[in-house]
Amino acid sequence: MSYLGIDIGTSSVKSALFDDRQRLIGQASVPLDISRPQAGWSEQDPEAWWAAVEATLDRLAAEHGLGGLRGVGLSGQMHGAVLLDADDRVLRPAILWNDGRSGAECAEIEAAFPRAREIAGNIAMAGFTAPKLAWVARHEPRIFEHVSTVLLPKDYVRFRLTGHHVSDMSDASGTLWLDVAARDWSDDLLEATGLNRAQMPRLVEGSESSGELLPELARRWGVTGPAVVAGGAGDNAAAACGVGVVTPGSAFVSIGTSGVLFVSNARFSPNTAGAVHAFCHAIPDTWHQMGVILSAADSLEWLSRITGRPARDLAAAVGAPDRASPVAFLPYLSGERTPHNDPAARGAFVGLAQAHDATDLAQAVMEGVAFAFADCQAALAAAGTDFDSALAVGGGSRSDAWLRIIAAALDRPLRLAADSDIGAALGAARLALCAAEGADPHEVCAAPETLRVIAPDPGLAASYREALARHRALYPALKGA
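Scope of this entry: the structure provided in the associated data block. (Residues numbered from 1 in each chain as written. Predicted model: local features only at pLDDT ≥ 70, side-chain atom pairs only at ≥ 80, totals over all residues. Heavy atoms only, no water.)

Moving on to the pattern of salt bridges. For side chains of opposite charge, pairing can occur when their charged atoms come near one another. Taken as a whole and judged by the stated rule, the model has 27 salt bridges. The partner of Arg138 in a salt bridge is Glu105, and the shortest N-O contact between them spans 3.2 Å. Here Arg138, found in helix α4 (residues 129–139), pairs with Glu105, found in helix α2 (residues 103–112); they are 33 residues apart in sequence, far enough to count as distant. Residue Glu105 is classed as buried on the basis of its relative accessible area of 3%. Between Arg117 and Glu110 there is a salt bridge; the shortest N-O distance is 2.9 Å. Note on Arg117: relative accessible area 30%, which makes it partly exposed. (Salt bridge = Lys/Arg side-chain N within 4 Å of Asp/Glu carboxyl O. Helix = DSSP H or I, 4+ residues; strand = E, 2+ residues; numbered from the N terminus. Buried < 20%, exposed > 50% of the residue type's maximum accessible area, 1.4 Å probe, protein only.)

Within the open sheet, the 7 strands sit side by side as β18-β19-β17-β16-β22-β23-β24. Their pairing is mixed. Taken across any chain shown, the strands that pair with only one partner, and hence form the sheet edges, are β18 (277–280) and β24 (450–454). Going across the sheet, the axis of each strand differs from the next one's by a mean of 30°, ignoring polarity. In the sheet, strand β17 (residues 259–265) pairs with strand β19 (residues 287–293) via 7 bridges, with the strands oriented antiparallel. Residue pairing in the sheet places Val260 in a bridge with Val292 of β19. Its contacts with the sheet place helix α13 (residues 358–382) against β16 (251–255), β17 and β19, and it is angled at close to 145° to β19. (Pairing = 2+ DSSP bridges. Axes fitted to C-alpha atoms, helices over the stretch in contact; angles between N-to-C directions. Contact = heavy atoms within 4.5 Å.)

A word on the pairing of strand β22 (residues 390–393). Burial along β22 is two-sided: Ala390 and Ala392 and Leu391 and Val393, pointing in opposite directions, are all buried. In the sheet, β16 pairs with β22 via 3 bridges, with the strands oriented parallel. The partner of Ser254 across the bridge, within β22, is Val393. Inspection of the sheet shows β22 paired to strand β23 (residues 414–417) by 2 bridges, in the parallel sense. Directly across from Ala390, in β23, lies its bridge partner Leu414. With helix α14 (residues 400–410) bridging β22 and the parallel β23, this β-α-β connection has right-handed handedness. (Right-handed = clockwise from strand over helix to strand, strands pointing away.)

So, about the side chain of Thr193. The topology assignment puts Thr193 in the loop between α8 (187–192) and β12 (202–204). The exposure class of Thr193 is buried, given its relative accessible area of 7%. Within the structure, Thr193 has its side chain in polar contact with the side chain of Trp177 (distance 2.9 Å). For Thr193, the residues in contact, after removing those within four places along its chain, are Ile109, Ala130, Ala134, Phe144 and Trp177. (Polar contact = N/O pair within 3.5 Å; in protein donor to acceptor, adjacent residues only side chain to side chain.)

Before going further, it helps to spend a moment on the side chain of Asp7. Inspection of the secondary structure assignment puts Asp7 in strand β1 (residues 2–8). Despite being buried, Asp7 has no salt bridge partner; Lys14 is the closest side chain of opposite charge, sitting 6.1 Å away. Here Asp7 is in contact with Ser12, Val13, Lys14, Ser75, Gly76 and Ala424, once residues within four sequence places are set aside. (Lys, Arg positive; Asp, Glu negative; His and termini not counted.)

On to the nonpolar core. Counting residues in each nonpolar core, the largest one holds 79 residues, and the members touching the most others are Leu133, Trp177, Trp185 and Phe252. Residues within four places of Trp185 in sequence aside, it is in contact with Ala172, Thr175, Trp177, Leu178, Asp179, Leu190, Arg197, Met200, Pro201 and Leu203. Listed in part, the 53 residues of the second largest apolar core include Val318, Ala372, Cys376 and Leu416. (Core = buried A, V, L, I, M, F, W, Y, C linked by side-chain atoms within 4.5 Å.)

So, on to the packing of aromatic side chains. Aromatic rings considered in pairs are described by the distance between their centres and by the relative angle of their planes. Applying the stated criterion across every chain yields a total of 9 aromatic pairs. Geometrically, the ring pair formed by Phe329 and Phe349 is tilted, given 4.9 Å between the ring centres and 45° between the ring planes. Taken together, the residues Phe329 in strand β20 (residues 328–330) and Phe349 in strand β21 (residues 348–350) connect sequence positions 20 residues apart. Seen from their ring centres, Phe371 and Tyr464 are 5.3 Å apart, and the 90° between their planes marks the pair as edge-to-face. Of this pair, Phe371 sits in helix α13 while Tyr464 sits in helix α17 (residues 458–478), and the two are 93 residues apart along the sequence. Residue class for Phe371 comes out buried when judged on its relative accessible area of 6%. The rings of Trp302, Phe329 and Phe349 are connected pair by pair, giving a single aromatic cluster. The ring of Trp135 carries the charged tip of Arg101 above its face, separated from the ring centre by 4.6 Å. If you follow Arg183 out to its NZ or CZ, it ends over the ring of Trp287, 4.8 Å from the centre. (Phe/Tyr/Trp six-rings, centres within 6.5 Å; stacked < 30°, edge-to-face > 60°. Lys NZ or Arg CZ within 6 Å of the ring centre and 35° of its normal.)

Okay, here's the thing in structure tokens:
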């Protein structure tokens, strides 16, 4: 028996095949392009996702065989708007999570419906799905008139796999249409953007079945028996299932292009004042909170581009700092979510002198990102959430220097585990196993073995407490500059 996890990312689609003991059999990926027709816009063609899924599954079927496939799980980039007409035809390119065109519509939604934050548990942000539809209604009214169904990116792939319009609780939480505490669509929130429940997909838990693989696809890939397609999850909730962050108080820090501090919760715990994301988890009766940084490892990649030095070399040159850098860096190169919710925020270096070089700048960048994680930690704490340690995942977790810096800034140990880079695909496959076999997701989504622990250095943590106060004073001082 085998289980498939398909991760529909922004830059690629990755499909990974696992056996019934969750051992990786094989994986395949296809890159994706992003269209930016105007400044601040970000779009993709949904057909490109499907073509990539077909290509990865064709490859896995040819190289490893899919005859014993029992379940398929889906993970995907959140918040994207896929608009279908009554014949299930795509009406326009999908507007993605990192598209900023709907800022005015966010303000109008909250002004017209003051309880929006209370019900959705989140601030109306341009990245979310509902403001995108409000933008379409205003600027593309002919398209809006023909919208029969709104799907999220992974759920469009599900439609192509099963023929059904279905979403899961975790991904639906990022639309601003979900009553997150009740785990159901909110008719009031839908009405605020001129939509209704009939235009929304059916909701299931991530570990439940949403349908079966279409017979013609089963024949194409040589699947010999019924293959259940699980509800799946948004990318971060799927990653949490992949790395075992499903019990209350467990946490991970993702140092990817963007940054995420993710903590699992036993109850719905919003903090909209701190721009915390409070979402349903992918498994029943569980929620989670996220603090989100828009430019984490991307900040170091930016420095790499302007210095001409590879990011890994910059990080290696930083080594093991014993005190905070005299240079401060704000990592708001693409605006910021937690805690500022300010798409217009911008990055800055402060405290530069003639003696400073690229290594000093690299340390400042790595510390600036670490302090942004500390801001996320404080925002979660304001909602009553704490954690004893966090699993470190993402490309930035390959840098020991960065892990040491983040551990000291959070004053919490960071744990490293094997195969964390396939967390989202593994999490999706784990949800597929649960849906296909009726297994308990808490047992299936177990934490991996810890390979190493990076404990916070007391001296560095003390130095960072002073530097963090300086970091927090910079945003209000430079806002609008």
